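# Descriptive analysis of the structure
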Amino acid sequence: MVDCIFCKIVNKSIPVNLIFEDDEIIAFRDINPQAPVHVLIIPRKHIDSTMDISKTDESLIGRIHTAAQKIAINESVDKTGFRIVSNNGPDAGQAVAHLHFHLLGKRKLNWPPG
Ligand code: 5GP
Ligand code: ZN
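A short tour of the structure in this document, coming up. All residue numbers here refer to positions counted from 1 along the written sequence of the relevant chain. The order in which chains are written sets their letters, starting at A; the order in which ligands are written sets their numbers, starting at 1. For this predicted model, a pLDDT threshold of at least 70 governs which residues receive local features, and a threshold of 80 or more governs which side-chain atom pairs are given and counted, while totals over whole chains, interfaces and linings are taken from all residues. Hydrogen atoms and water are omitted, and side-chain values are computed over all heavy atoms in the structure.

As a further point, take the site of ligand 1. Distances are taken per atom, and a residue is near a molecule or strand as soon as one of its heavy atoms is within 4 Å of it. Near ligand 1 there are 17 residues, and of these Arg29, Asp30, Ala95, His100 and His102 occur at the shortest range. Side-chain atoms alone can form a polar contact between residues adjacent in sequence; in general such a contact is a pair of N or O atoms within 3.5 Å, and within protein one must be able to donate a hydrogen while the other accepts it. Within the backbone of Ala95, one N or O atom sits 2.7 Å away from an oxygen atom of ligand 1. In the environment of ligand 1, an oxygen atom lies 2.8 Å from a nitrogen or oxygen atom belonging to the side chain of His102. Only the protein chains shown count as cover for residues, with accessible areas throughout obtained via the Shrake-Rupley method and a probe of 1.4 Å. Contact with the protein chains hides 84% of the accessible area of ligand 1, taken as 520 Å² for the molecule alone.

Glancing now at the coordination of the zinc ion (ligand 2). Every protein donor of the zinc ion (ligand 2) is accounted for by Cys4 (SG), Cys7 (SG), His46 (ND1) and His98 (ND1), and the metal-donor separations fall at 2.1 to 2.3 Å. Around the zinc ion (ligand 2) sit four donor atoms, and with donor-metal-donor angles ranging over 106 to 117 degrees the site reads as tetrahedral. Each donor residue of the zinc ion (ligand 2) lies on one chain, and together they are spaced C-x2-C-x38-H-x51-H. Within this pair, whereas Cys7 is found in helix H1 (residues 5–10), its partner His46 is found in the loop between strand E3 (37–43) and helix H2 (58–74), the two being separated by 39 residues in sequence. Exposure classes here rest on a 1.4 Å probe applied to the protein chains alone. A residue is buried below 20% of its type maximum, exposed above 50%, and partly exposed in between. Owing to a relative accessible area of 7%, Cys7 belongs among the buried residues under this scheme. As a rule, N, O and S atoms within 2.8 Å of a metal are its donors, except that Na, K and Ca use 3.2 Å; water is not among the atoms, so sites may look incomplete. Angular criteria define each label, namely tetrahedral for four donors with all angles between 85 and 135 degrees, square planar for four and octahedral for six donors with opposite donors over 155 degrees apart and remaining angles between 65 and 115, and irregular for whatever fails these tests. A run of H or I in DSSP counts as a helix once it spans at least four residues, and a run of E counts as a strand once it spans at least two, with each numbered from the N terminus.

Here, the term nonpolar core denotes a set of buried Ala, Val, Leu, Ile, Met, Phe, Trp, Tyr and Cys residues that are joined through side-chain atoms within 4.5 Å. In terms of nonpolar packing, the biggest core is built from 18 residues, with Ile25, Val39, Ile41, Ile71 and Leu103 touching the most fellow members. Elements supplying a minimum of two residues to this core: strand E2 (25–29), E3, H2 and strand E5 (101–105). Ranked by residues supplied to this core, first place goes to H2 with seven residues. We call two residues in contact whenever any of their non-hydrogen atoms come within 4.5 Å of each other. Contact partners of Ile71, with chain neighbours within four places excluded, come to Ile19, Phe20, Ala27, Val39, Ile41 and Leu103. Among the nonpolar cores identified, the runner-up in size contains 10 residues, and Cys4, Ile9, Val10 and Ile26 belong to it.

Another aspect to go through is the pairing of E5. Burial analysis of E5 places five of its five residues in the buried class, the great majority of the element. Burial along E5 is two-sided: the residues Phe101, Leu103 and Gly105 and His102 and Leu104 are all buried.

And the structure:
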């Protein structure tokens, strides 16, 4: 997607603080962190939101979560806890229309979220 900021990050035309990558996924630090650990985990492939995930993406979504396990260990939040959040659509405040999962931790996270 030409105008997608996360596709530009995948294509390396926008630099990020990369912390994980494989052939299908990248993860990098959020530019505007909401917690001491705030990582974005995204598929390299452009998918607008959860509503655009197809049957053939099921293994990709699973891999995002096994990547999240590795990231949680590397960021030392695997024992203390962390939250994985995916904002979808206007009511959730999705700002970037490229499916992504926020991994937040290293502080007490409130529930319910705002
Ligand atoms: P959303 O509100 O769509 O769930 O979250 C998008 C996230 O992407 C925000 O937390 C925002 O700070 C982050 N973000 C937007 N542009 C960039 C960027 O260029 N680099 C990085 N590292 N994060 C970004
Ligand atoms: Zn994209």
